[in-house]
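Spelled out, the chains give:
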Amino acid sequence: MAIFNLTINGKKQQVDVDPSTPVLWVLRDHLNLAGTKYGCGIAQCGACTIHLEGVAMRSCMLPVSLVGNQSITTIEGLSEDGSHPVQQAWLEHDVAQCGYCQAGQIMNAAALLKANPNPSDAEIEAAMSGNICRCGTYTRIRAAIKTAAAG
Amino acid sequence: MTLIKTTYNRRSFLKTTTLAGGGMMLGFSWLASCNPTPEEVLSMPEEWFEINGFLKIGENGLVTIMSPNPEIGQNVKTSMPMIVAEELDVNWDNVIVEQAPLNTDIFTRQLAGGSQSIRQGWQALRMAGASARRMLMEAAAQAWQVPVGEITTEAGVLHHKNSGKSAGYGEMASAAASIPVPEEVQLKEVRDFKIIGTPRRNVDGLKIVTGQPLFGLDYRREGMLIAMIAHPPAFGLKLKLVDGSAAKAMPGIRDVFTIKTYDEGYEKQWCDTSAFTELAVVVGNTTWEVMNAKKALRLEWEPIPEISEDVTQFGGNKKDIKTPAGLEDSNTHAAKMAEMGAKAAKAVRKDGDPEAAFRNAAKVIERSYSAPFLAHNCMEPMNFFAHVTADKAELVGPVQTPEFMEKSAAARLGLPLEKIDIQMTRQGGGFGRRLYGHFLVEAAVISQKMNAPVKLVYSREDDMTFGAYRPAYHATYRAALDADNRLIAFHVRAGGIPESPLAANRFPAGAVDNYLAEEWSLDSNITVGAFRAPRSNFIAGAEQSFLDEVAEAAGKDPIAFRLELLERARTNPVGENNDYEAARYAGVLELLREKSGWEQPQPGVHRGVAAYFCHNSYVAQVVDIAMENGSPVIRKVHAAVDCGIVVNPLAAANLSEGGIVDGIGHALYSALAFREGAPEQNNFDKYHLIRHNEAPKAIEVHFVKNEIDPTGLGEPLNPPVVGALANALYRATGKRFYEQPFLAGKPVLG
Ligand code: FES
Ligand code: FES
């Protein structure tokens, strides 16, 4: 066990965990932030996507010991009230079916738009293909990303 | 107005609690999410008045409507309350929706399966709203001393025209709560609907996009422990020995032991399916610690004996289920299926004289189709929370069959049914997997043993390798054409491991003079279960691909060819029990022909068509494929759907799109293969699920407008799209596709 000082959603947090613990489980089990989802645990589905210094990152294989001083943003911290343009676009297009994958999709889409405010279809596909949606909401996700980009 | 008797489960309309003081939430409120968030509603009422088990009204006019059925992404949590709100005649903006717990006294069929939630809930939901409205009207009539027949309602307000009096529902709610349940109620005419048929967004939308803890896996309780299971690596094996000493010594680990999911001699129900009923269990403080300790378990396995057991089926009949011993293999399966397809099987339906017709045919076409086992792969792996004490079991989580699993849990724990309390969270997908709730019982047994609240969590690997899979299927078709290219005989022989996908009375039965349908099956120890559109998810694609080849051989347009057959079935049907309405079937094909611009081909676009009837709904689809850099790209999918009245067009379109993507994805890419009894795929690096870049670029869904009571929508969209896809691929590549997955071996992109 070791003490880690983390900055999560702008707030300082301290956890005492095994250094190998992935950020995903630190968030879910130790910090009561369950918005970040477990889907595969092997960086294949994108359900656990967070932002590390503003860049999309899969948290299920990211040991907490590698975070250092980098700031973490989770779905709970993307906005206070769901007002982030990507969240708003998701609501407008009523994207979710079961909803389980959507936190990861939204975090990835938000990072994409930050790096590339006006992505082409091909760029959206390239950036989003690591995020599985078992319910098959892909066409709505694409439309919502375009709405968020336009807005 | 339609006058109906409120006979449907009258207990639903009785009050479940007596009225108490202000702010009463009846213990349901926190279920809307796993955390109570009443502050999200700006002005909560001081007091709630329960009108019936489905709804309560606050003194300020706010209405809470219970959503009775499990929400697995099919959006019943929005659409079922919409039906109540319609008949209650309230403004949708003033409605709060809450997930109801399992309560068989109030609700009927709290089950997510068979695309039946809306169809079977329709009358009860309408009645719940209509009877509450009537009680409010009677309360107003008494208060104003006027005949109830003169009271009208509009958007949550009661009016009496002659006296000019009016009052909000909230003002009359207290009085209405003590009015006897009416003997009969009036239902609205379809043309008067104001909420049904209008697009309404997901009631949990904001909670989903802000990452609220809605799902079973998100549930937590003070002092809760985490449990994970270890099961044999292959079907056909069972646990022999567990050495948990190393695991138990690891940090954060509380205990390691084995459990039996069901008691010796317990008579299983259909939804108790589980290949591994003896499991090793690791319990600890946190998920990561338990995951690590699991790796330190030393486990030994041994072969299972052949088993034969009576299992109570859905509907109550008992069936003898045989589980053979041995380690099974996909290559052997494929060879056996081909062998079975080549010999006569059990005839289920025969019209005319097919043998003679085939003998006299000008042309005979014969083709075989196959599909592999599939894992459900709900994005949220199986899990359940349990807190079992000496006299009570509290079970919380995602399950599609709470009212069935309640019985399994009661039997296993030795508690009476009323001591089992099941609450449903939002569910990260279902697709049929969560019908089989062994994980609920496992969680309960573990909690009982630990004497503590426990959340059982399956890893993705556990989830994928401990499944109730889509069976492997095979079908052989033969068609006979006469010299004028008319279809004179049709023969299907379909089977699978361990069940046949045959639907003998569906189209083209009834449209062909000489018809033979045969089925076969082979026992297996690989556990299977319902998978979105069971059986149809294979047989539709096979049949619709075959009909495409027959149409081609006959030199006919594939839509015209189907319409010609349907015309025969409509005007002069062959045989009995034809399981479809030919006119509605033809209706979706005609709508699709128009909406997809079928008769105006576009350069570079290769199109395939298919149509199917299942879950009481009719669907026709066209898939458009373009070749880009030598690879097929799905440009667009067009669908025409007749599912009766569409309750929520926005959700209906989304669910339809999902069905299409699901059908295409599995047909193109997915398979669960077995070697020596072990699944070869155990996570998304090896199991190929369709991804963004592989999904159709556009999907357009058109609904037939009619006033028929609503039918299924969660399933009927994915079966036919497999056929439309195969037919489009043929036009794009010149190659027919008979074996799923069509693009086997395409690398997975992680
Ligand atoms: S859970 Fe991290 S990518 Fe799947
Ligand atoms: S909405 Fe269910 S997995 Fe994406």
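Note that this is a predicted model, so its numbers are computed, not measured.

**A short note on the sheet that holds strand β23 (residues 472-481) of chain B**
All names here are of chain B. The mixed open sheet is built from 5 strands, whose spatial order is β17-β25-β24-β23-β18. Only two strands of the sheet have a single neighbouring strand rather than two, namely β17 (346-351) and β18 (363-371). Adjacent strand axes in the sheet meet at a mean angle of 10°, parallel and antiparallel pairs treated alike. Bridge count between strand β24 (residues 487-497) and strand β25 (residues 514-521): 8 bridges; the pairing is parallel. For Gly496, the partnering residue across the bridge sits in β25 and is Ser521. Helix α12 (residues 536-554) rests against β18, β23 and β24 of the sheet, and its axis sits at about 25° to β23.

**A few points about helix α13 (residues 558-571) of chain B**
Residues and elements named next belong to chain B. Compared with an ideal rise of 1.5 Å per residue, which puts 14 residues at 20 Å, α13 spans 20 Å between its outermost C-alpha atoms and is within 8% of the ideal. Turning to α13, its buried residues number three or more, namely Pro558, Ile559, Phe561, Arg562, Leu563, Leu565, Leu566 and Ala569. Taken together, the buried residues of α13 touch β24, α12, α14 (582-595), β26 (606-614) and α16 (718-733). Two or three places before Ile559, at the opening of α13, Asp557 has a side-chain oxygen 3.0 Å from that residue's backbone nitrogen.

**Things to note about the interface of chain B and chain A**
Listed by partner, the interface residues are 63 residues for chain B and 54 residues for chain A. Here chain B meets chain A over a buried area of about 4800 Å², counting both sides, of which 57% is carbon and sulfur. Among the residues chain B hides against chain A, the three largest losses belong to Trp288(B), Met379(B) and His692(B). Together they make up 18% of the total. If you look at where chain B meets chain A, you find 5 salt bridges. Its salt-bridge partner being Lys37(A), residue Asp218(B) comes within 2.9 Å of it at the nearest N-O pair. For the side of chain B that touches chain A, the element with the highest residue contribution is helix α15 (residues 649-669) of chain B, accounting for 9 residues. Class assignment for the residues of the side of chain B that touches chain A results in 27 nonpolar, 22 polar and 14 charged.

**Section: the packing of helix α9 (residues 402-413) of chain B against helix α10 (residues 438-450) of chain B**
All names here are of chain B. Here α9 crosses α10 at 30°, and the two axes come no closer than 9 Å. Classed by the angle they form, the pair α9 and α10 counts as roughly parallel. As for the relative orientation of α9 and α10, their crossing is right-handed in sense. Only His438, Leu440, Val441, Ala444, Val445 and Gln448 of α10 make contact with α9, whose side of the interface consists of Met405, Ser408, Ala409, Arg412 and Leu413. Of the residues in the contact of α9 with α10, the class split is 7 nonpolar, 3 polar and 1 charged.

**Brief notes about the domain arrangement of chain A**
Residues and elements named next belong to chain A. Split into domains, chain A comes out as domain 1 (2-78) and domain 2 (85-150). On the side of domain 2, 13 residues touch domain 1, which itself brings 17 residues to the contact. Counting every contact that joins domain 1 to domain 2 gives 0 salt bridges. Counting across the domain 1 and domain 2 interface gives 6 residue pairs in polar contact (both at pLDDT 80 or more). Of all the secondary-structure elements, those providing two or more residues to the side of domain 1 that touches domain 2 are β3 (49-52), β4 (55-58) and α2 (75-78). When residues of the side of domain 1 that touches domain 2 are assigned to their parent elements, the largest contribution, 3 residues, is made by β3. Of the residues assigned to the side of domain 1 that touches domain 2, the class counts are 7 nonpolar, 8 polar and 2 charged.

**Here's the deal with the domain arrangement of chain B**
All names here are of chain B. Annotation of chain B at the domain level lists domain 1 (2-202), domain 2 (216-307 + 382-457) and domain 3 (344-374 + 469-733). On a C-alpha basis, the centroid separation for the pair domain 2 and domain 3 is 38 Å. Between domain 2 and domain 3, the residue contacts involve 13 residues of the former and 15 residues of the latter. At the boundary of domain 2 with domain 3, the tally comes to 0 salt bridges.

**Structural notes on the pattern of salt bridges**
Taken as a whole and judged by the stated rule, the model has 50 salt bridges over all chains. Taking the shortest distance from any N to any O, the salt bridge between Asp121(A) and Lys146(A) comes out at 2.4 Å. Taken together, the residues Asp121(A) in helix α5 (residues 121-128) and Lys146(A) in helix α6 (residues 138-150) connect sequence positions 25 residues apart. Its relative accessible area of 39% is what places Lys146(A) among the partly exposed residues. Across the salt bridge formed by Lys350(B) and Glu355(B), the nearest N and O atoms sit 3.5 Å from each other. Under the relative-accessibility criterion, Lys350(B) is labelled partly exposed at 48%. Using a relative accessible area of 38% as the deciding quantity, one classes Glu355(B) as partly exposed. Several salt bridges share partner residues, and in doing so they unite Arg367(B), Asp548(B), Glu549(B), Glu552(B), Arg731(B) and Arg736(B) into one network.

**A short note on unusual backbone geometry**
Here the amide bond leading from Ile497(B) into Pro498(B) is cis, since omega sits at 0°, within 30 degrees of zero. Summarising the element assignment, Pro498(B) is placed in the loop between β24 and β25. Phi angles above zero are rare outside glycine, and Asn9(A) is one such case at about 50°. Among the secondary structure elements, Asn9(A) is positioned in the loop between β1 (2-8) and β2 (11-17). On the basis of relative accessible area, Asn9(A) is assigned to the partly exposed category, the value being 26%. With a phi angle near 60°, Asn32(A) is a residue other than glycine that sits in the positive phi range.

**Some details on the packing of aromatic side chains**
For the coordinates displayed, the defined rule picks out 30 aromatic pairs over all chains. Ring plane angle 90° and centroid distance 5.3 Å describe the contact between Trp270(B) and Phe314(B), whose orientation is recorded as edge-to-face. Taken together, the residues Trp270(B) in the loop between β12 (253-260) and β13 (278-284) and Phe314(B) in the loop between β15 (307-312) and β16 (318-323) connect sequence positions 44 residues apart. Residue Trp270(B) is classed as buried on the basis of its relative accessible area of 15%. Three or more aromatic residues joined by ring pairs make a cluster, and in this case those are Phe235(B), Phe276(B), Phe373(B), Tyr458(B), Phe466(B), Tyr469(B) and Phe674(B). Over the aromatic face of Phe431(B) sits the side chain of Arg134(A), whose NZ or CZ is 3.8 Å from the ring centroid. Its guanidinium or amino end placed over the ring of Trp48(B), Lys56(B) lies 5.4 Å from that ring's centre, counting from NZ or CZ.

**Here's the deal with the nonpolar core**
Generally speaking, nonpolar side chains in soluble globular proteins are found buried as a group. Residues and elements named next belong to chain B. Among the nonpolar cores identified, the biggest contains 142 residues, and Leu395, Leu440, Ile446 and Leu725 are the most heavily contacted of them. Setting aside its immediate chain neighbours within four residues, Leu440 contacts Phe384, Leu395, Val399, Met405, Ala409 and Ile422. In terms of nonpolar packing, the next biggest core, distinct from the first, is built from 53 residues, Tyr515, Leu547, Ala582 and Val622 among them.

**Some details on the confidence of the model for chain B**
Residue and element names in this part refer to chain B. The pLDDT averaged across chain B works out to 92; a share of 93% of its residues lies at or above 70. Here residues 6-42 scores under 50 on pLDDT; set against residues more than four positions off or in separate chains, the count is 96 contacts. Taken together, the chains of this predicted complex give a pTM of 0.93 and an interface ipTM of 0.99.

**Examining the sheet that holds strand β6 (residues 151-154) of chain B**
Residue and element names in this part refer to chain B. Read from one edge to the other, the open sheet built from 3 strands follows the order β6-β7-β8, with strand pairing classed as antiparallel. The sheet is open, and its two edges are formed by β6 and β8 (165-168), each paired on a single side. Mean inter-strand twist for the sheet, computed between neighbouring axes without regard to direction, equals 25°. Pairing between β6 and strand β7 (residues 157-160): 4 bridges, direction antiparallel.

Rules used throughout
- Residues numbered from 1 in each chain as written.
- Chains lettered and ligands numbered in written order.
- Predicted model: local features only at pLDDT ≥ 70, side-chain atom pairs only at ≥ 80, totals over all residues.
- Heavy atoms only, no water.
- Pairing = 2+ DSSP bridges.
- Helix = DSSP H or I, 4+ residues; strand = E, 2+ residues; numbered from the N terminus.
- Axes fitted to C-alpha atoms, helices over the stretch in contact; angles between N-to-C directions.
- Contact = heavy atoms within 4.5 Å.
- Expected span 1.5 Å × (residues − 1).
- Buried < 20%, exposed > 50% of the residue type's maximum accessible area, 1.4 Å probe, protein only.
- Polar contact = N/O pair within 3.5 Å; in protein donor to acceptor, adjacent residues only side chain to side chain.
- Buried area = accessible area lost by both parts, 1.4 Å probe.
- Salt bridge = Lys/Arg side-chain N within 4 Å of Asp/Glu carboxyl O.
- Nonpolar A, V, L, I, M, F, W, Y, C, P; charged D, E, K, R; others polar.
- Parallel < 35°, antiparallel > 145°, perpendicular 65-115°, else oblique.
- Left-handed = near helix turned anticlockwise from the far one by under 90°.
- Domains from an automatic or database assignment.
- Phe/Tyr/Trp six-rings, centres within 6.5 Å; stacked < 30°, edge-to-face > 60°.
- Lys NZ or Arg CZ within 6 Å of the ring centre and 35° of its normal.
- Core = buried A, V, L, I, M, F, W, Y, C linked by side-chain atoms within 4.5 Å.
- pLDDT = per-residue confidence, 0-100.

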